[in-house]
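Summary of the model geometry
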There are 2 protein chains.
Amino acid sequence: MDGYDKYAFEPFAVTVDLAVFTVREGALHVLLVERGQEPYAGQWALPGGFVRPDESAESAARRELGEETGLTDVSGLHLEQLRTYSEPDRDPRMRVVSVAFAALLPDAPEAHGGSDAARARWTPYGDARALAFDHDRILADARDRIGAKLEYTCLATAFCPPEFTLGELQQVYETVWGTALDRPNFRRKVLATPGFVEAVPGAARLTGGRGKPAALYRAGTATTLHPPLLRPTPEGRHA
Amino acid sequence: MDGYDKYAFEPFAVTVDLAVFTVREGALHVLLVERGQEPYAGQWALPGGFVRPDESAESAARRELGEETGLTDVSGLHLEQLRTYSEPDRDPRMRVVSVAFAALLPDAPEAHGGSDAARARWTPYGDARALAFDHDRILADARDRIGAKLEYTCLATAFCPPEFTLGELQQVYETVWGTALDRPNFRRKVLATPGFVEAVPGAARLTGGRGKPAALYRAGTATTLHPPLLRPTPEGRHA
DNA sequence: TCTTTTATAGTCGTGATGACTATTAAAGGG
DNA sequence: CCCTTTAATAGTCATCACGACTATAAAAGA
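What counts, and at which threshold
- Residues numbered from 1 in each chain as written.
- Chains lettered and ligands numbered in written order.
- Predicted model: local features only at pLDDT ≥ 70, side-chain atom pairs only at ≥ 80, totals over all residues.
- Heavy atoms only, no water.
- Helix = DSSP H or I, 4+ residues; strand = E, 2+ residues; numbered from the N terminus.
- Buried < 20%, exposed > 50% of the residue type's maximum accessible area, 1.4 Å probe, protein only.
- Contact = heavy atoms within 4.5 Å.
- Areas by Shrake-Rupley, 256 points an atom, 1.4 Å probe, with all protein chains shown as cover.
- Domains from an automatic or database assignment.
- Buried area = accessible area lost by both parts, 1.4 Å probe.
- Polar contact = N/O pair within 3.5 Å; in protein donor to acceptor, adjacent residues only side chain to side chain.

This paragraph deals with the overall build of chain A. When helices and strands are counted, chain A shows four helices and ten strands. For chain A, the proportion of its 239 residues judged to be buried stands at 50%. Looking at chain A alone, contacts between residues at least 24 apart form 66% of all its contacts between residues at least 6 apart. In the structure as shown, chain A presents an accessible area of about 10,800 Å², 51% of it carried by carbon and sulfur atoms.

Residues and elements named next belong to chain A. Considered domain by domain, chain A is made up of domain 1 (13-150) and domain 2 (153-219). Here the C-alpha centre of domain 2 lies 27 Å away from the C-alpha centre of domain 1. Each partner contributes residues to the interface: domain 1 has 16 residues there, and domain 2 has 13 residues. For the pairing of domain 1 and domain 2, the buried interface totals around 1,300 Å² over both sides, and the portion due to carbon and sulfur atoms is 71%. Across the contact surface, domain 1 and domain 2 share five residue pairs in polar contact (both at pLDDT 80 or more). If you list the elements that add at least two residues to the side of domain 1 that touches domain 2, you get strand S1 (13-24), strand S2 (27-34), strand S5 (78-85), strand S6 (96-105) and helix H2 (135-152).

Before going further, it helps to spend a moment on unusual backbone geometry. The omega angle of the peptide bond from Glu-38 of chain A to Pro-39 of chain A is -5°, so this bond is cis rather than trans. Position of Pro-39 of chain A among the secondary structure elements: in the loop between S2 and strand S3 (44-45). Geometrically, the link from His-226 of chain A to Pro-227 of chain A is a cis peptide bond, its omega value of 0° lying close to zero. Relative to the elements of secondary structure, Pro-227 of chain A occurs in the segment after strand S10 (216-219). The backbone of Glu-25 of chain B shows a phi angle near 50°, a positive value even though the residue is not glycine. On the secondary structure map, Glu-25 of chain B appears in the loop between strand S1 (13-24) and strand S2 (27-34). Overall, the relative accessible area of 79% leaves Glu-25 of chain B in the exposed class. In this structure, Phe-133 of chain B takes a positive phi of about 55° despite not being glycine. For Phe-133 of chain B, the position within the fold is in the loop between strand S7 (120-124) and helix H2 (135-152). Judged by its relative accessible area of 10%, Phe-133 of chain B falls in the buried class.

As structure tokens, then:
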């Protein structure tokens, strides 16, 4: 931070880009917007925008999250900074440094498109390819991070509505990781971790299903998982 | 990224700040520089500087790492992006967004101070307080991250010279975590993890010690620890 | 009523790990 | 030159977490 007058510094534009995830119909979906102008006009991109003079990147990200999802209250949603992308040529017009965020939504309300980008749409993760700028990489990094954090945090409940069944929670893991989990073992692990979930006392149950109704749970107060809930290893040795 | 012409955007200065760690004499040390000018003149700060027009934040961070440590070759050192700090008031003069990095050094060569900051010094982590700007927080975040990554990565070898004993490796863990570890158990765990370390075949040994000479090891090819090497939990339940 | 479906309960064996004890190989002091 | 100190290395043992199962319960639909 020394040397403000020793080195000239170029002014940068600073933006935020958001990888907004939800689990819909057993598949991981991500919110994309269609670009209306060059460069990459007509291509899909992650929602985002410029950081304004009076706000931090976190504030800008949450503001954009509200604008792009059309939700009126985004204060409780999980939003975390991923990393910053600053390759000199990542925007063909000018020097743009982008702070990337990942957001997790429980339900999947149809995107209505905010003032900034009217054509926002939920897209299955696998279909989100050939995005504008370096957004393919940002999106892949975001998914990697979320998948890894499921192992050692209680983050999975951020994908769930306020009350949920253990089956729904398990489906979050299976969807993000792309692997099947043993149901009794998953149940044992979740219930054995204090503060991960807490039972809804009213013996409530979920309607609509075919089999035995499932008990409802709420997210607990714990934030980390000790010991972690490791995803099954396709190859290699260990536990 | 839409709306380049809809919203005016303020130009930002973009800097990198580095939390450079090493283990020296059984204590975690961090590289600090003394500020020569306002604001915070005379106070200590993390080394860093402006990102230049033709380089990414990663390039700038590695360049600064070389300048501040005085090392001629920093290409092999561990350097990772932490997160970006962008509070509007973090620099009293202007809007500065800083991308923070953590770097790990094996040996602790006395800092010689580069062109940018002549007064770089290794400081015990506990003594690094009241730093300029928001560097107290950056430094704390950096230590948290490094400590957490020791659990599930092979990062600890980045603190060690090319050849090291298991005792030295254990001291890295104990120093960063601030806890004592059981030596036979640590040894069993490290050797049972394939690719963490590999024995130096020449039955080499470390000189200078008092007791039985220790075998030497090199860093292996593995990067992650499965299952992780969890730090002992002071409170609470689990493994 | 019988089958299907899903949630929940429990069992069993193995591997990882915390807490130890024992042995080996050096330095240093008397 | 022995004997103590120091540190590395080699075990042992019990507990716990977890993967792989099997069994039971409670609903919907035929």
